[in-house]
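Chain and residue survey
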Amino acid sequence: MPQPPKTDPETILQTALQTVERDGPQALTVRALARDLGLSQNALYWHYPSRTALLEAVIRRGLEELLDQLKNATPQAKALSDLLPVAETYLQFAQERPKLYALMTSPVEDSGMSRPLWTYTTDLLAPFVGADRAPEAAVALWSYLHGAASLRPLLPLKEGKPESGLHLGLQALIRGLGALSESQS
């Protein structure tokens, strides 16, 4: 019976994550990763049966790290305005880790990877908009944040367009969610 390689899955995952963040997801191949780790390709396949499995592990880790940062931004929101630090944290993650963020938001089969982030977002919004409206509010918030994160690196925002416009839009969205909450009362 074959023995597992000496390199543990966490080391492999960390190296894969570093490769994605440095060179982008297209640079993450089993061959290149095995070379970087000083392993054979077969040794990598012991832990990750395919490049897709490896990419999914990197996405899952990125989602976990984002979720941890969001939870730390506002441990317990008492008002809708408390969502601003959460939103800023999301945007900061996307800005500081653009290649990982691009992979995390690429069209891939999710297989439940984003469920913890989804649950966190709906649970965060439910006290303000009601549990039945929280999924709709979560889609609105997530859509805005993803759009804002996608626009930040684009040239139009760098040509004298104020970054504050993103903050204004976020504040308007949060005020709108507040009005939605008030209409529920």
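Overview of the structure. (Residues numbered from 1 in each chain as written. Predicted model: local features only at pLDDT ≥ 70, side-chain atom pairs only at ≥ 80, totals over all residues. Heavy atoms only, no water.)

1. Overview of the packing of aromatic side chains
For the structure shown, the criterion picks out 2 aromatic pairs. A ring pair is formed by Tyr90 and Tyr101, whose centres lie 5.8 Å apart and whose planes are at 90°; its orientation type is edge-to-face. Taken as a pair, Tyr90 in helix 5 (residues 83-96) and Tyr101 in helix 6 (residues 98-104) lie far apart in primary sequence, 11 residues in all. For Tyr90, a relative accessible area of 5% translates into the label buried. Their ring planes at 15° and their centres at 5.8 Å tell us that Trp118 and Trp142 sit as a pair that is stacked. Of this pair, Trp118 sits in helix 7 (residues 115-129) while Trp142 sits in helix 8 (residues 134-151), placing them 24 residues apart in sequence. Residue Trp118 is classed as partly exposed on the basis of its relative accessible area of 24%. Take Trp142: its relative accessible area is 24%, and that puts it in the partly exposed class. (Phe/Tyr/Trp six-rings, centres within 6.5 Å; stacked < 30°, edge-to-face > 60°. Helix = DSSP H or I, 4+ residues; strand = E, 2+ residues; numbered from the N terminus. Buried < 20%, exposed > 50% of the residue type's maximum accessible area, 1.4 Å probe, protein only.)

2. Some points on the pattern of salt bridges
With the rule as written, the count across this model stands at 7 salt bridges. One salt bridge connects Arg35 with Asp36, and the closest N-O pair in it is separated by 4.0 Å. On the accessibility criterion, Asp36 (42% relative accessible area) is partly exposed. Three or more residues are tied together by salt bridges with common partners; here these are Glu10, Arg61 and Glu64. (Salt bridge = Lys/Arg side-chain N within 4 Å of Asp/Glu carboxyl O.)

3. Description of the packing of helix 1 (residues 9-23) against helix 4 (residues 51-73)
Helix 4 packs onto helix 1 with a crossing angle of 85° between their chain directions and a minimal axis gap of 10 Å. Taken together, the axes of helix 1 and helix 4 are roughly perpendicular relative to one another. The segment helix 1 lies against helix 4, with Glu10, Ile12, Leu13, Gln14, Ala16, Leu17 and Val20 engaging Leu54, Ala57, Val58, Arg61 and Glu65. (Axes fitted to C-alpha atoms, helices over the stretch in contact; angles between N-to-C directions. Parallel < 35°, antiparallel > 145°, perpendicular 65-115°, else oblique. Contact = heavy atoms within 4.5 Å.)

4. Here's the deal with the environment of Glu21
Tracing the sequence through the fold places Glu21 in helix 1. Taking the C-alpha atoms as reference points, Glu21 and Glu96, 75 residues apart in sequence, are found 9.8 Å from one another. With residues near it in sequence (within four places) discarded, Glu21 still touches Arg97, Lys99 and Leu100.

5. Considerations on the nonpolar core
One finds Leu28, Leu33, Val58, Tyr90 and Leu125 to be the most contacted residues of the largest nonpolar core, which totals 53 residues. For this core, the secondary structure elements donating two or more residues are helix 1, helix 2 (30-37), helix 4, helix 5, helix 6, helix 7, helix 8 and helix 10 (164-184). Broken down by element, this core gets its largest block of residues, 9 residues, from helix 4. Leave out the neighbours within four places in its chain, and Leu28 touches Ala16, Thr19, Val20, Leu33, Arg51, Leu54, Leu55 and Val58. (Core = buried A, V, L, I, M, F, W, Y, C linked by side-chain atoms within 4.5 Å.)

6. Quick notes on the side chain of Thr121
Within the secondary structure, Thr121 is located in helix 7. The residues contacting Thr121, other than those within four sequence positions of it, are Ala138 and Leu141.

7. Section: the environment of Lys99
Mapped onto the elements of the fold, Lys99 is located in helix 6. The class of Lys99 is partly exposed, set by a relative accessible area of 35%. For the pair Lys99 and Arg22, spaced 77 residues apart in the sequence, the C-alpha separation amounts to 7.7 Å. Among residues more than four places away in sequence, those in contact with Lys99 are Val20, Glu21, Arg22, Asp23, Gly24 and Pro25.

8. Some thoughts on the packing of helix 4 against helix 7
At a closest axis distance of 9 Å, the pairing of helix 4 and helix 7 adopts a crossing angle of 20°. In terms of axis orientation, helix 4 runs roughly parallel to helix 7. Note that helix 4 runs across helix 7; the crossing there is left-handed. Packed against helix 4, whose contacting residues are Leu63, Leu66, Leu67, Leu70 and Lys71, the element helix 7 presents Pro116, Leu117 and Tyr120 at the interface. When grouped by side-chain class, the residues that make up the contact of helix 4 with helix 7 number 7 nonpolar, no polar and 1 charged. (Left-handed = near helix turned anticlockwise from the far one by under 90°. Nonpolar A, V, L, I, M, F, W, Y, C, P; charged D, E, K, R; others polar.)

Function-wise, these values are silent; they only describe arrangement.
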